[in-house]
Amino acid sequence: MSVKERGGIGQSARRVDGEPKVTGEYAYGSDLRTENMLWGATVRSPHASARILAIHAEPIRHMDGVACVLAAADLEHAKTFGLEFCDQPVLAEDVVRFRGEAVAVVAAETYEQARLAAASLVVDYEPLPAVTDMEQALELDAPRVHHFGNVLRHVHIDHGDPADAFADVWVEGYYETAMQDQAALGPEGGLAVPAADGGIDLYAVTQWIHIDRQQIAPCLGLPEEKVRITLAGVGGAFGSREDITMQIHACLLALRTHRAVKMVYGREESFHGHVHRHPSRTWLRLGATHDGKLVAGEARLLMDGGAYASSSPAVIGNAATFAVGPYEVENVRVEGTVVYTNNPPCGAMRGFGAPQVCFAYEAAMDELAAKLGMDPIDLRLRNAVKTGSVLPTGQVLEGSAPLREVIERCRAIPLPEEAPVAGRDAIAYPGGAGNVSRGESLKRGVGFAVGFKNIMYSEGYDDASEATVSLRPSPAGPVASIRTAAVDYGQGLYTILAQIVRTELGVEQVLLEPSTSGVGSAGSTSASRQTTMTGGAVLMACREIRAALGNEELTRPITRTCTYHHRATTPLDEHGQGSPHVSFAFVAQRVVAEVDEELGLVRVVQVATVQDAGRVLNPQGATGQVEGGTAQGLGLALTEEIQLVDGAIRNASFTDYLIPTILDVAPVVTEFVEEPELDAPYGVKGIGELATVVSTAAVVAALRDATGRTLNRVPVHPDDLVGIRSEATTSGPAPVPDVPGQKSIPEYLGLGLGQSMLMKASDT
Amino acid sequence: MLIRATVNGAECALDVSPAMSLLTLLRDELELTGSKNACEQGECGSCSVWLDGELVCSCLVPAMQAHGCDVRTVESLATNGDLHPVQDAFLAAGAVQCGFCTPGLVVAAADLLARDPHPTDEAIREALAGNLCRCTGYQKIIDAVRLAEEAIA
Amino acid sequence: MIALVPSTLEEALEERAAHPEAVPMAGGTDLMVAVNFGRLRPPALLDLSHVKELKEWRRENGTAFVGAGMTFARIARELQAFRPLVEASRSVGSPQIRNRATIGGNLGTASPAGDSIPVLAAYGANVLVASRKRERLLPWHEFFVGPKRSALEPDELILGVEWSALDAPGSFAKVGTRNAMVIAIAGVCVQLDPAGRSVRVALGSVAPTVVRAPEAEAFAAAAISWDEPDRPLSEPAIAEFGRLAAAAATPIDDVRGSAAYRRHAVEVLARRELAWVVEDWSR
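So, a few notes on the structure that sits alongside this text. Because the structure is predicted, anything quoted here is derived from the model rather than measured.

## Quick word on the overall build of chain C
When helices and strands are tallied, chain C shows eleven helices and 14 strands. Relative to the 2.2 N^0.38 estimate, which gives 19 Å for 283 residues, the radius of gyration of chain C is 19 Å and therefore close to what a compact globule would have. Long-range pairs, those at least 24 residues apart, make up 62% of the contacts in chain C between residues at least 6 apart in sequence. Roughly 10,800 Å² of accessible area belongs to chain C as shown, and the carbon and sulfur atoms make up 50% of that amount. Between the mean site of the 32 positive side-chain charges and the mean site of the 34 negative ones, chain C shows a separation of 6 Å.

Below, the structure written as structure tokens:
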């Protein structure tokens, strides 16, 4: 069998890291151990907003097994960190800004001793007024989370003028999406080992080794070269491993005690210890001519970023640019704000702002279709963008955009047969294992939605990825190896990279070396970017190797290191105009669902997905991304919600934060449209996020079809479906804040700039 | 207290504290880290093992109750370097992404097929209802069970 | 923390008397959650999992007895004659949980959301408890005194639960927002007693304890044509029954569901289950 048949691109090659995962040998961050190690534990604030009056660390230092207790006063170097702005304290100093904020850390001989010590540490607080509602945060007299006010970023997009547009029909809606958790099964965890040279070796879970190092090193007072990070096995991420969690804490404890320190979060702590998906409120107006041509769109978008910035500025930027959907609309105004509150911080989660706006614009499009008396899918086709379309930011969509084909092929997927109403196995009814039905009051609904988002980073970031490929002779034939710092947290990147090497170098044996900070940055495993960026770097290196080898036999090793950059993007100007995104991908989903109308319970019957993928490099991996992404969007539609009361998470456990089980998902029929993307390796587009962008909207569309209810809020509760709870209401769009411009406020103030400066292209 | 148990076929004498879970015993004392801790409350199934032949969440079993029992974990499935048909099926079907849920699911799937070699679709889903997966959306896991069913038959 | 591991009931009762501070445990599926979270650090554990007498069930002279140590998996397999109890057992947690969780645990934890409790209430079951000195048989409504509170004395253990077997159709159903592994938002058991010409209705998760719905029961008993099993109930009668059942609920809003929905769910489940059991009876 040729290499191309066994495991080259286009094949469903087996995972290169699969075997240790099925045998249980694969080592995740929470599995690591070493001799003589200490366990770390974190003390967290019970208040959403409070002044710290005293931290009584001394008694804890004398508890059994305790080796070290650290609070802010013990920090000797940089005291803050953050993905875009260093606004988050390593350990809270003077004030705490969210319930769950880290206040102190302890290290002890055993896990139990560390936990007991952390639980025993007494901190005196003076509770302060907290702002826990995103609209309240905009009020001038609201408590200020940071001294400069609660607006983190406001984005304004002006294209044409909706006031001038001649629309025959308008629809206007208000939509809410809840705070969602990534709920990766593998918890935060890692091991920090102090080194003889005064540096530190950190084995941890992350989505981006180098951005972690950039934040960790200043807090340890070490140059970056002395902070050596090796990737531990990552048990899922979906955005929750982009921000620093336990890394700085573990390193500080290790350097202070001169011993290895392991820190692992339990599930409850994990809910408090990582960022979540931004809850959102969207006020949307769409205007169209009587024959269904969209002429105007106005969106007011508000997101709750919680206490610290994380990647909120990028999330609101993204969401704002997608706010009226993948449609040609001449006159658009978008006002998008992300605010600080004393709620737990929000940041990256699969979709990065796109799912929230998709829920809104697709609901509005269905309403518009109904008002126009038009088929909802025809309305999408009438307005779908294509290559050459101009987006609300003025960006010309230069790359591939086969949205029409995506929509038509999704529509054409055969509907599933209707299952007989009576006589099913009990678990085949809505309500599953509860035995609540013998087929009563079942109503089938079909919903259709389209979505899109950017692939790769945006707004002028000069994103890059470095990879090294080596080819060496061996008795068994040439062997290739790949060195990359890129993180594969399950989506299958390493397998794709091996497939690329097999195809390009005609080599069967491909080894992946461990991912460490000893090589150049591969960037984040997020934004559906890795196949393009690191795949691109690997492809470049392979081609250079082939060029270097020419027609000669391989007699000695050849190594090439390449860095892949995508084409330049621009920031948004003062009108929100520019070329902010590199590439766009589109998706359509049709969901068939059954609703038990009396009980308001749902059984999803089928999800049909057509996705624009550029080029599918591993069909099984690609459908796996669609299926997994769909389940996460389905969760937000039906059961997932971080329930916050006065800034406190009430359901920080898998008992009450309900992610879909196998009984909650339905068969997913997936097809891909492969129209190659411009300037992308093999013409690929990233796969991972698109199904999550659209599935919430598609599921709720099916529920609206089944019940006739408005359903303008997710997750949809049984109360909504039976009519006990009425739709979410508003007193009108949130006021637009008076801010200097499009950038984040901390940037205008020159405050503790973090990665946002380091990642931008130079201005020249 | 001292307990004696057979773990993956090997007899062990272990000192356990009464509140210690079987999961902690397996992971920390016996260094069998294949069984995972993702929720500590029996909601996710990633700690699934066999206790005297029954599928249980080891995070909820007090270690002392393993005294006199036969414990088998995911590490017992592959023999002499050969994967168990369920393990191979998970790989062939693409049912592994991050893999954190995989040991628990492999054990639960192997348990199902040992008890019910030709399960209905409903039986598969009911048997795996106690195992959460966040990456795959479960479709390929169902495919894997069907593949394994064929391979075992 | 010390562990007490009796192997007979007598030993268990001795240990219980000598160490009232020891927390009794069988399957551990409730207890270990609290222990794992560090919320419970009991000074001692009384491990009842080896006490054979607790793991039996029997049916003698029309009375069924299920030992506290019977797991829900075994109940689902072995007590097929008691369909609502089987339905309730199958709805507990997951297969892993069902292999360990015991009916004694449901009783001891005494949560109004305990899945088996509405069935036991509908059966009019008595809870058998014992100390070293004596045995007591407590009617279920005297055993459950409040949310997670029972009438068990510090020197007592739960031996099991007994009821007069009815050999008539019954049903258990519970609602949760997800299709599996849910703590019930509302649970309803409807049990026919044709010989006694009565209907038992018990509600779970909608009051501080599991409750019966006496007005609904009386209404249904009067509405059913006991001498003509083939005669179905009218729609208005079924609807009224549902309303009366819901009126017996006093639910609260909590993280799992709203009071309004809980009341609504009770009404729907009661209606459906009455129709099911009457239809099953007619066959």
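We are not done yet, so read on.
## Thoughts on the nonpolar core
Residues Leu703(A) and Phe90(B) are the most contacted members of the largest nonpolar core, which totals 259 residues. Counting residues in hydrophobic clusters, the runner-up holds 69 residues, among them Cys57(B), Val35(C), Leu138(C) and Trp163(C).

## Regarding the packing of aromatic side chains
Residue and element names in this part refer to chain A. Under the criterion given, the structure shown has 21 aromatic pairs over all chains. With a centroid separation of 5.0 Å and 65° between ring planes, the pair formed by Tyr 26 and Tyr 28 is classed as edge-to-face. Like Tyr 28, Tyr 26 is buried. Pairing Phe 452 with Phe 584 gives two aromatic rings, centres 6.2 Å apart and planes at 20°, and the pair type is stacked. Of this pair, Phe 452 sits in strand β18 (residues 442–458) while Phe 584 sits in strand β23 (residues 581–596); the two residues are 132 residues apart in sequence, bridging distant segments of the chain. Here the two residues Phe 452 and Phe 584 agree in accessibility, since each one is buried. Taken together, the aromatic side chains of Phe 322, Phe 452, Phe 584 and Phe 586 make up a single cluster linked through ring pairs. Over the ring of Tyr 265 we find Arg 44, and its NZ or CZ is 5.1 Å from the ring centre.

## Describing helix α4 (residues 83–91) of chain C
Residues and elements named next belong to chain C. The element α4 is largely enclosed, with a buried count of seven among its nine residues. Within the sequence span of α4, burial applies to Pro 84, Leu 85, Val 86, Glu 87, Ala 88, Ser 89 and Ser 91. Residue Gly 93 follows α4 closely and has a positive phi angle near 45°.

## Section: the interface of chain B and chain C
The interface is formed by 30 residues belonging to chain B together with 29 residues belonging to chain C. Taken together, the two surfaces of chain B and chain C that pack against each other cover about 2,400 Å², and 58% of this comes from carbon and sulfur. When the buried area of chain B at its contact with chain C is split by residue, Leu60(B), Gln65(B) and Glu126(B) rank highest and sum to 24% of it. Counting across the chain B and chain C interface gives two salt bridges. A salt bridge links Glu126(B) to Arg90(C); the shortest N-O distance between them is 2.9 Å. Here chain B and chain C share ten residue pairs in polar contact (both at pLDDT 80 or more) between them. Contributions of two or more residues to the side of chain B that touches chain C are made by β3 (48–51), β4 (54–57) and α4 (121–127) of chain B.

About the cut-offs
- Residues numbered from 1 in each chain as written.
- Chains lettered and ligands numbered in written order.
- Predicted model: local features only at pLDDT ≥ 70, side-chain atom pairs only at ≥ 80, totals over all residues.
- Heavy atoms only, no water.
- Helix = DSSP H or I, 4+ residues; strand = E, 2+ residues; numbered from the N terminus.
- Rg over C-alpha atoms; globule rule 2.2 N^0.38 Å.
- Contact = heavy atoms within 4.5 Å.
- Areas by Shrake-Rupley, 256 points an atom, 1.4 Å probe, with all protein chains shown as cover.
- Lys, Arg positive; Asp, Glu negative; His and termini not counted.
- Charge placed at Lys NZ, Arg CZ, Asp CG, Glu CD.
- Core = buried A, V, L, I, M, F, W, Y, C linked by side-chain atoms within 4.5 Å.
- Buried < 20%, exposed > 50% of the residue type's maximum accessible area, 1.4 Å probe, protein only.
- Phe/Tyr/Trp six-rings, centres within 6.5 Å; stacked < 30°, edge-to-face > 60°.
- Lys NZ or Arg CZ within 6 Å of the ring centre and 35° of its normal.
- Buried area = accessible area lost by both parts, 1.4 Å probe.
- Salt bridge = Lys/Arg side-chain N within 4 Å of Asp/Glu carboxyl O.
- Polar contact = N/O pair within 3.5 Å; in protein donor to acceptor, adjacent residues only side chain to side chain.

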